[in-house]
Amino acid sequence: MDNEFKPALIIVDLQEDFCPPNGALAVAEGRSIAPIINNLLRLPFVKKIATKDFHPPDHVSFASNHLEPHNKPFTSFVTIPNPNNPNETHTSRLWPIHCVQGTPGAELIPELDTSLVDLVIEKGQDSRVEMYSAFEAPFRHPLVKEASSKLAQSLREAGVTDVFVVGLAMDYCVRSTAIDAVAEGFKTYIISEATKAVDPTKQGWRKSEKECDNAGVKFIALAGEELAKVRSMQDV
């Protein structure tokens with residue numbers, strides 16, 4: 001067994017507002033991946049982390065916080081400046097109100113066995129910035145330290161080398177989290193059977209898969225050799 005192999009599992013935003021039947025921003029079949037993720041949680045990952053969107057009511061991603069006519073959920077976009085550098089901007093889609101702090105929609109779904117989770121990270125708490133990634137807001141010049149989740153620090157403190165990403169939604173927060181994990185120096189995988197996309201079409205999936213591949217993220221299967229390596233740790 002490779003003594004330098006220390007894998008972590010990151011479960012992205014498996015929350016009520018992202019799941020049918022009542023989620024404000026429900027991803028089709030989003031709740032169905034919980035049993036798969038629970039099985040993954042029983043594997044000997046050195047760190048098992050769940051993330052939550054955890055927005056204040058005045059969050060910039062909520063369409064209702066913008067003026068007409070540019071405030072339509074799903075179809076309107078907003079250009080957001082870096083709070084510490086107005087010359088750096090990020091264009092983001094606007095969404096319905098979701099995952100507001102203290103509301104039922106922000107809770108992890110009860111089907112997820114949180115007793116097996118080591119750490120829950122609440123992201124998206126800075127009302128000024130969108131934050132799909134569980135690591136950082138999408139600004140780099142400079143980073144918005146007030147929005148940082150400290151996820152990279154938690155992984156490094158555990159000696160993590162490889163990151164396996166699952167959850168919701170593949171084409172937004174899962175993708176962004178995986179891409180940032182590579183940027184932070186971790187070998188990174190998305191487990192295909194343990195995520196669902198906002199756009200579940202083959203075209204939409206392939207577009208996100210290509211973006212991940214270009215960034216160094218690998219899509220893998222439950223039966224693949226990468227997870228077999230994690231399972232083999234049980235025998236050590």
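The structure under discussion appears in the preceding block.
Residues numbered from 1 in each chain as written. Predicted model: local features only at pLDDT ≥ 70, side-chain atom pairs only at ≥ 80, totals over all residues. Heavy atoms only, no water.

1. Observations concerning the layout of surface pockets
Rolled over the atoms, a probe as big as a water molecule pinpoints where empty space is left.
At step 1: For the largest pocket, the calculated volume is near 220 Å³.
At step 2: Those elements giving two or more residues to the lining of the largest pocket turn out to be β4 (85-93) and α3 (170-183).
At step 3: Class assignment for the residues of the lining of the largest pocket results in 6 nonpolar, 5 polar and 6 charged.
At step 4: Here the second largest pocket is characterised by a volume of approximately 180 Å³.
At step 5: The wall of the second largest pocket is formed by Arg93, Asp171, Tyr172, Arg175, Val198, Asp199, Gly204, Lys207, Ser208 and Glu211.
At step 6: Per-element tally for the lining of the second largest pocket: the top contributor is helix α4 (residues 202-215), with 4 residues.
At step 7: Classifying every residue of the lining of the second largest pocket by side-chain character gives 2 nonpolar, 2 polar and 6 charged. (1 Å grid on protein atoms, 1.4 Å probe; cavity = no way out; pocket = protein on both sides within 12 Å on 5 of 7 lines; lining within 4 Å. Points joined across faces, edges and corners; volume = space filled by probe spheres on them. Helix = DSSP H or I, 4+ residues; strand = E, 2+ residues; numbered from the N terminus. Nonpolar A, V, L, I, M, F, W, Y, C, P; charged D, E, K, R; others polar.)

2. Here's the deal with the pattern of salt bridges
At step 1: Throughout the structure, instances matching the rule amount to 12 salt bridges.
At step 2: When the shortest N-O distance is used, the salt bridge between arginine 31 and glutamate 111 registers 3.1 Å. Here arginine 31, found in the loop between β1 (7-12) and α1 (34-41), pairs with glutamate 111, found in the loop between β4 and β5 (119-123); they are 80 residues apart in sequence, far enough to count as distant.
At step 3: Look at glutamate 111 and you get partly exposed, because its relative accessible area is 35%.
At step 4: Note that glutamate 226 is salt-bridged to lysine 218, the shortest N-O span being 2.7 Å. (Salt bridge = Lys/Arg side-chain N within 4 Å of Asp/Glu carboxyl O. Buried < 20%, exposed > 50% of the residue type's maximum accessible area, 1.4 Å probe, protein only.)

3. Side note on the side chain of aspartate 162
At step 1: Among the structural elements, aspartate 162 can be located in strand β6 (residues 162-168).
At step 2: Within the buried set, aspartate 162 has no salt-bridge partner at all; the shortest N-O distance to an opposite charge, 5.1 Å, is to lysine 187.
At step 3: Beyond its immediate sequence surroundings of up to four residues, aspartate 162 is in contact with Phe5, Lys6, Pro7, Ala8, Lys187 and Tyr189. (Lys, Arg positive; Asp, Glu negative; His and termini not counted. Contact = heavy atoms within 4.5 Å.)

4. A closer look at unusual backbone geometry
At step 1: For the bond running from glutamate 68 to proline 69, omega is 0°, close enough to zero to count as cis.
At step 2: The step from leucine 168 to alanine 169 runs through a cis peptide bond, and the omega angle for that step is -20°.
At step 3: Positive phi outside glycine occurs at aspartate 13, with the angle close to 50°.
At step 4: Look at aspartate 13 and you get buried, because its relative accessible area is 0%.
At step 5: A positive phi angle is found at phenylalanine 74, which is not glycine, with a value near 80°.
At step 6: Summarising the element assignment, phenylalanine 74 is placed in the loop between β2 (47-53) and β3 (77-82).
At step 7: Of the residues examined, phenylalanine 74 reaches a relative accessible area of 39% and is grouped as partly exposed.

5. Re the side chain of arginine 31
At step 1: At 2.8 Å, the side chain of arginine 31 forms a polar contact with the backbone oxygen of proline 20.
At step 2: Sequence-distant contacts of arginine 31, defined by excluding residues within four places in its chain, comprise Glu16, Cys19, Pro20, Pro21, Ile109, Pro110 and Glu111. (Polar contact = N/O pair within 3.5 Å; in protein donor to acceptor, adjacent residues only side chain to side chain.)

6. What to know about the pairing of β4
At step 1: Across 6 bridges, β3 lies against β4 in antiparallel orientation. Looking at the pairing, isoleucine 80 lines up with histidine 90 of β4.
At step 2: Counting the residues between successive antiparallel strands, the hairpin from β3 to β4 contains 2 residues. (Pairing = 2+ DSSP bridges.)

7. Examining the nonpolar core
At step 1: The biggest cluster of nonpolar side chains holds 61 residues, and the ones touching the most others in it are Ile11, Leu14, Ile37, Leu155, Phe164 and Leu227.
At step 2: Per-element accounting of this core gives the leading share, 6 residues, to α3.
At step 3: Excluding its chain neighbours within four sequence positions, the residues that come into contact with phenylalanine 164 are Phe5, Pro7, Ala8, Leu9, Ile10, Phe45, Tyr189, Ile191, Ile220, Glu226, Leu227 and Val230.
At step 4: In terms of nonpolar packing, the next biggest core, distinct from the first, is built from 11 residues, Ala63, Val78, Val129 and Met131 among them. (Core = buried A, V, L, I, M, F, W, Y, C linked by side-chain atoms within 4.5 Å.)

8. With respect to the packing of α3 against α4
If you want to describe how two helices pack, look at the angle between their axes and the distance between the axes.
At step 1: At a minimum axis distance of 9 Å, the contact between α3 and α4 shows a crossing angle of 10°. As the angle between them shows, α3 and α4 are arranged roughly parallel. Counted together, Met170, Asp171, Arg175, Ile179 and Val182 of α3 and Trp205, Ser208, Glu211, Cys212 and Ala215 of α4 form the full contact between these two elements.
At step 2: The residue makeup of the contact of α3 with α4, split by class, is 6 nonpolar, 1 polar and 3 charged. (Axes fitted to C-alpha atoms, helices over the stretch in contact; angles between N-to-C directions. Parallel < 35°, antiparallel > 145°, perpendicular 65-115°, else oblique.)

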